[in-house]
Structures are given as C-alpha cells and as structure tokens.
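# Summary of the model geometry
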Amino acid sequence: GRKRQRADVKDLGQGLANVGPIAKQIGLNVEDTVAILSVFSNAGIQGAEAGTQLKSMLVNLTRPTDKVQEAYNKLGVSLY
C-alpha cells in the first residue's frame, strides 16, 4: 500500500494560506479545515497544493449551476 504522510505545521500553514478565506466564507472553522488538510496529507497531497485543491472543491460546491444542483439532488445532498 501507499505510505501515509503526516502533515507538519509548515504544510498546514501553506494549505491554510490558500484555502483559509473561502473556508471561512462557507463556515468552516480552523479545526475542521486543518482536519480536511490532514486527510489530504494522508493521501499524499500536502502544503499549498492541498490548500489549492480544497479551495477548488469548496468553490465548486458553492456554484449554483443546474448541473451542480442536479448532482446534489441525485445524491440527496442539500447545502445551505
């Protein structure tokens, strides 16, 4: 299997720098955001790259397009 990576303070700081503003905007607190970045690190995505990827995911989740809403409905997910 793949070796698990551990996020260090530097990696988490770089990730938070990239995702922090959008995370705050959608209501994620620091603890939850760091937890998500730690999961990314375990998958081998660390530092600024983890923050960028999480930022992209959060931005895409908040897009009010018909395709996004259709996917949410299909999955039984609602965001507020």
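Higher on the page you've got the structure.
Because the structure is a prediction, the values reported are computed rather than measured.

### Some thoughts on the overall build of the protein
- Along the protein, the regular secondary structure elements total four helices and zero strands.
- Ordered by position from N to C terminus, the α and β elements of the protein give α-α-α-α.
- Along the first, second and third principal axes, the C-alpha set of the protein runs to 40 × 30 × 20 Å.
- Expressed as a percentage of its 80 residues, the buried residues of the protein come to 21%.
- Contacts spanning at least 24 positions in sequence make up 56% of the contacts within the protein whose residues lie at least 6 apart.
- For the protein, the accessible surface area stands at approximately 6000 Å², while carbon and sulfur atoms represent 55% of it.

### Observations concerning the nonpolar core
- If you look at the biggest cluster of nonpolar residues, it comprises nine residues: Leu12, Val19, Ile22, Ala23, Leu37, Phe40, Ala50, Leu54 and Leu58.
- Going through the elements one at a time, helix 1 (9-26), helix 2 (30-42) and helix 3 (47-61) are the ones with two or more residues in this core.
- Examining the composition of this core, we find that four residues originate from one element, helix 1, more than from any other.
- If sequence neighbours within four positions are ignored, Val19 has contacts with Thr33, Leu37, Gly51, Leu54, Lys55 and Leu58.

### As for empty space enclosed by the protein
- Counting across every chain of the model gives one cavity of 30 Å³ or more.
- In this model, the largest cavity occupies a volume close to 30 Å³.
- Together, Ala7, Asp11, Leu12, Leu37, Ser41, Ile45, Gln46, Gly47 and Ala50 line the largest cavity.
- Of all the secondary structure elements, the ones that give two or more residues to the lining of the largest cavity are helix 1, helix 2 and helix 3.
- Looking at the lining of the largest cavity, its residues break down into five nonpolar, three polar and one charged.

### Points about helix 2
- Taking 1.5 Å as the rise per residue, helix 2 with 13 residues should run 18 Å; its terminal C-alpha atoms sit 18 Å apart, in good agreement.
- Contact partners of the buried residues in helix 2: helix 1 and helix 3.
- Remark: Gly44 follows helix 2 within two positions and exhibits a positive phi of approximately 90°.

### Description of helix 1
- Residue Val19 marks the point of greatest curvature in helix 1, where the axis turns by about 60°; the proline Pro21 follows within four residues.
- Of the residues making up helix 1, those classed as buried are Asp11, Leu12, Gly15, Val19, Ile22 and Ala23.
- Buried residues along helix 1 sit in contact with helix 2 and helix 3.
- Among the residues of helix 1, the N-terminal cap falls to Asp8, whose side-chain oxygen and the backbone nitrogen of Lys10 are separated by 3.2 Å.
- Where helix 1 terminates, the next one or two residues include Gly27, which has phi positive at roughly 100°.

### Description of the side chain of Asp11
- Among the structural elements, Asp11 can be located in helix 1.
- The buried charged residue Asp11 lacks any salt bridge, with Lys10 as its nearest oppositely charged partner at 6.5 Å.

So, how was this worked out
- Residues numbered from 1 in each chain as written.
- Predicted model: local features only at pLDDT ≥ 70, side-chain atom pairs only at ≥ 80, totals over all residues.
- Heavy atoms only, no water.
- Helix = DSSP H or I, 4+ residues; strand = E, 2+ residues; numbered from the N terminus.
- Buried < 20%, exposed > 50% of the residue type's maximum accessible area, 1.4 Å probe, protein only.
- Contact = heavy atoms within 4.5 Å.
- Areas by Shrake-Rupley, 256 points an atom, 1.4 Å probe, with all protein chains shown as cover.
- Core = buried A, V, L, I, M, F, W, Y, C linked by side-chain atoms within 4.5 Å.
- 1 Å grid on protein atoms, 1.4 Å probe; cavity = no way out; pocket = protein on both sides within 12 Å on 5 of 7 lines; lining within 4 Å.
- Points joined across faces, edges and corners; volume = space filled by probe spheres on them.
- Nonpolar A, V, L, I, M, F, W, Y, C, P; charged D, E, K, R; others polar.
- Expected span 1.5 Å × (residues − 1).
- Bend = angle between axes of the 7 residues up to and from the residue.
- Polar contact = N/O pair within 3.5 Å; in protein donor to acceptor, adjacent residues only side chain to side chain.
- Lys, Arg positive; Asp, Glu negative; His and termini not counted.
- Salt bridge = Lys/Arg side-chain N within 4 Å of Asp/Glu carboxyl O.

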